[in-house]
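# Structure at a glance
Here is how the chains run, residue by residue.
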Amino acid sequence: MSKTTDSAAEVLLEKRGCAGVITMNRPKALNALNLSMIRQIYPQLKTWEKDPETSLIIIKGTGGKAFCAGGDIRAITDAGKVGDRLAQDFFREEYILNNAVGTCQKPYVALIDGITMGGGVGLSVHGHFRVATEKTLFAMPETAIGLFPDVGGGYFLPRLSGKIGYYLALTGFRLKGRDLQKAGIATHFVESEKLPALEEDLIALKSPSKENVADVLNSYHMKCKIDQEKQFVLDEHMDKINSLFSASTMEEIIQNLKQDGSPFALKQLETINKMSPTSLKMTLRQLREGASMNLQDVLTMEYRLSQACMSGHDFYEGVRAVLIDKDQVPKWKPATLEEVTDEFVDNCFKSLGNSDLKL
């Protein structure tokens, strides 16, 4: 029946009915994704994709608090500081897995119940179906730790309506519950307590097509009444987001926010001023370029950026300030946007030759 259902295992891989079910099982770490989990999920996903008896992939997290709160940043930081290969291997293999999700030939259903950030977004957003609940909390908070919204953020963020993806990427703004579906990050919205029943209904399908899977998800979505009348959290600000975040440089965006001077604009300015200037410039260019690239080219670009971050200063300083010492006062170098030169940013995007990510 099952492959791995050992409760101590970091990821559980089970064949249930027509479905291959992936369960991230590090509840104490909010199911943060580490390299050993990636190395278990990827080959199993590829096997199920080819298996005629498997019609569907379901991915979920245990513990009730998180789908997956992100990549195991602590381990990457420790590795990067001493030049350990993990700082290359983690990103390389994570992005290969993100691409496998994005190109999966079988319907792929991510039950994004609870915290879904960074690496957790990469395991879900590129799949066919993403089911949010009232407990879902989404963010791409990387600019606050000297990184950039990777895992294919350069692909999916600029494709959200208007400039919402740019806003989410640069500010790390958190979306909750039904707002994920309104923003286009989730495809469906279902009560958290209904997920076990939904999963059973999916598993019971006989050789389902993508349409059959969609029908089941749609029926649960239609029955869900939570926050049905609620306005999208960013609705009233969309005009401002679309105009203020449409500039082609970070300096212009800052200028736009200052000139606008509304409480909303000034709040965004305050948030952006706390972020790594290097990360902000890298991220804006990543999204602007990613807008016209396919997922594979975006992930190749992002791998280059990941390695630039590993050899730089701000990532280690951001992790120290936010995750280790928790003083929330990172000392960015360079400290201002003006000091981050175009030449420096250009270098971050340069080919790594033989070390480039190949998909």
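Residues numbered from 1 in each chain as written. Predicted model: local features only at pLDDT ≥ 70, side-chain atom pairs only at ≥ 80, totals over all residues. Heavy atoms only, no water.

The name an unreviewed UniProt entry assigns to the protein is 3-hydroxyisobutyryl-CoA hydrolase, from the organism Chrysemys picta bellii. You can read under Pathway (unreviewed entry) in the UniProt record for the protein the words "Amino-acid degradation; L-valine degradation." (UniProt positions renumbered as here; feature names shortened; annotations may be inferred.)

### Brief notes about helix α8 (residues 195-203)
Within α8, the full set of buried residues consists of Leu195, Leu198, Glu199, Leu202 and Ile203. Within α8, the buried residues cover an arc of 135 degrees as seen down the axis, which keeps them to one side. In this structure, the buried side of α8 is in contact with β2 (11-16), β3 (19-24), β4 (56-61), β6 (108-112), β8 (129-132) and α9 (210-223). (Buried < 20%, exposed > 50% of the residue type's maximum accessible area, 1.4 Å probe, protein only. Helix = DSSP H or I, 4+ residues; strand = E, 2+ residues; numbered from the N terminus. Arc of directions from axis to C-beta. Contact = heavy atoms within 4.5 Å.)

### Re the packing of helix α3 (residues 86-103) against helix α14 (residues 295-310)
The N-to-C vectors of α3 and α14 enclose an angle of 160 degrees; their axes lie 10 Å apart at closest approach. By the angle between their directions, the pair α3 and α14 is classed as roughly antiparallel. Pair α3 / α14 crosses with right-handed handedness. When α3 is examined against α14, the residues Ala87, Gln88, Phe91, Arg92, Tyr95, Asn98, Asn99, Gly102 and Thr103 are found in contact with a partner set consisting of Leu295, Gln296, Leu299, Glu302, Tyr303, Ser306, Gln307 and Met310. For the contact of α3 with α14, the residue count by class is seven nonpolar, eight polar and two charged. (Axes fitted to C-alpha atoms, helices over the stretch in contact; angles between N-to-C directions. Parallel < 35°, antiparallel > 145°, perpendicular 65-115°, else oblique. Left-handed = near helix turned anticlockwise from the far one by under 90°. Nonpolar A, V, L, I, M, F, W, Y, C, P; charged D, E, K, R; others polar.)

### Digging into the state of the cysteines
The final tally for this structure, using the stated rule, is zero disulfides. The thiol of cysteine 68 is unpaired, and the distance to the nearest cysteine sulfur, on cysteine 104, comes to 18 Å. Taking relative accessible area as the criterion, cysteine 68 reaches 0% and is therefore assigned buried. (Disulfide = S-S within 2.5 Å.)

### Remarks on the sheet that holds strand β10 (residues 175-176)
Across the sheet, four strands lie side by side as β5-β7-β9-β10; this open sheet has mixed pairing. Edge positions in the sheet fall to β5 (66-68) and β10, since each of these pairs with one other strand and no more. (Pairing = 2+ DSSP bridges.)

### Focus: the pairing of β4
Of the strand pairs in this sheet, β3 and β4 are connected by six bridges, and their pairing is parallel. By the bridge assignment, threonine 23 is partnered in β4 with lysine 60. Remark: the β3/helix α1 (residues 35-50)/β4 crossover connection has right-handed handedness. Sheet topology places β4 next to β6; three bridges connect them, and they run parallel. Following the sheet pairing, isoleucine 57 is matched in β6 by tyrosine 108. (Right-handed = clockwise from strand over helix to strand, strands pointing away.)

### As for helix α11 (residues 250-260)
Because an α-helix packs 3.6 residues into every turn, residues spaced three or four apart end up facing the same way. Those residues of α11 lying buried are Met250, Ile253, Ile254 and Leu257. Mapping the buried residues of α11 onto a view down its axis gives an arc of 100 degrees, with all of them on the same face. Check the buried side of α11 and you find it contacts α6 (164-171), α10 (238-244), α12 (263-272) and α13 (277-290). The positive-phi residue at the C-terminal boundary of α11 is glycine 261, with phi of around 70 degrees.

### Focus: the pattern of salt bridges
According to the stated counting rule, one finds 18 salt bridges in the structure shown. In this structure, glutamate 289 and arginine 285 form a salt bridge, with 2.8 Å as the shortest nitrogen-oxygen distance. Separated by four residues within a single helix, glutamate 289 and arginine 285 lie in helix α13, roughly one turn from each other. By relative accessible area, which is 25% here, arginine 285 ends up partly exposed. (Salt bridge = Lys/Arg side-chain N within 4 Å of Asp/Glu carboxyl O.)

### Considering the packing of helix α2 (residues 73-81) against helix α15 (residues 314-324)
The geometry of α2 relative to α15 is characterised by a closest axis approach of 11 Å and an angle of 140 degrees between their N-to-C directions. Classified by the interaxial angle, the pair formed by α2 and α15 is oblique. At the point where α2 passes α15, the crossing takes the left-handed sense. On α15, the residues touching Ile73, Arg74, Ile76, Thr77, Gly80 and Lys81 of α2 are Phe315, Tyr316, Val319, Leu323 and Ile324.

### Some remarks on a positive patch on the surface
Positive charge collects at one region of the surface, where Arg174, Lys176, Lys182 and Lys230 lie side by side. Its location among the elements puts lysine 176 in strand β10. (Patch = residues over 30% accessible without salt bridge, like charges linked within 9 Å, V, L, I, M, F, W, Y side chains within 5 Å. Areas by Shrake-Rupley, 256 points an atom, 1.4 Å probe, with all protein chains shown as cover. Lys, Arg positive; Asp, Glu negative; His and termini not counted. Charge placed at Lys NZ, Arg CZ, Asp CG, Glu CD.)

### Points about the environment of alanine 186
Of note, alanine 186 is situated in the loop between α7 (178-183) and β11 (188-189). Each C-alpha atom of the pair alanine 186 and glycine 120 lies 13 Å from the other, and the pair is 66 residues apart in sequence.

### Here we look at the environment of asparagine 347
By the element assignment, asparagine 347 lies in helix α16 (residues 342-348). Put simply, asparagine 347 and glycine 119 are 228 residues apart on the chain and 25 Å apart in space, counted from C-alpha to C-alpha.

### Section: the nonpolar core
Counting residues in hydrophobic clusters, the biggest one holds 93 residues, and the most contacted among them are Phe245 and Phe315. The residues touching phenylalanine 245, leaving out its near neighbours within four places in the chain, are Lys163, Tyr166, Tyr167, Leu170, Thr171, Lys240, Ile253, Leu257, Gln268 and Ile272. Among the nonpolar cores identified, the runner-up in size contains 20 residues, and Ala19, Val21, Phe129 and Ala214 belong to it. (Core = buried A, V, L, I, M, F, W, Y, C linked by side-chain atoms within 4.5 Å.)

### Focus: unusual backbone geometry
Residues lysine 333 and proline 334 are joined by a peptide bond in cis, for which omega reads -5 degrees. Tracing the backbone through its elements, the reader meets proline 334 in the loop between α15 and α16. Although it is not a glycine, leucine 30 adopts a positive phi angle of roughly 55 degrees. Looking at the secondary structure, you find leucine 30 in the loop between β3 and α1. Backbone geometry places glutamine 328, a non-glycine residue, at a positive phi of 60 degrees. Position of glutamine 328 relative to the elements: it lies in the loop between α15 and α16. Note on glutamine 328: relative accessible area 48%, which makes it partly exposed.

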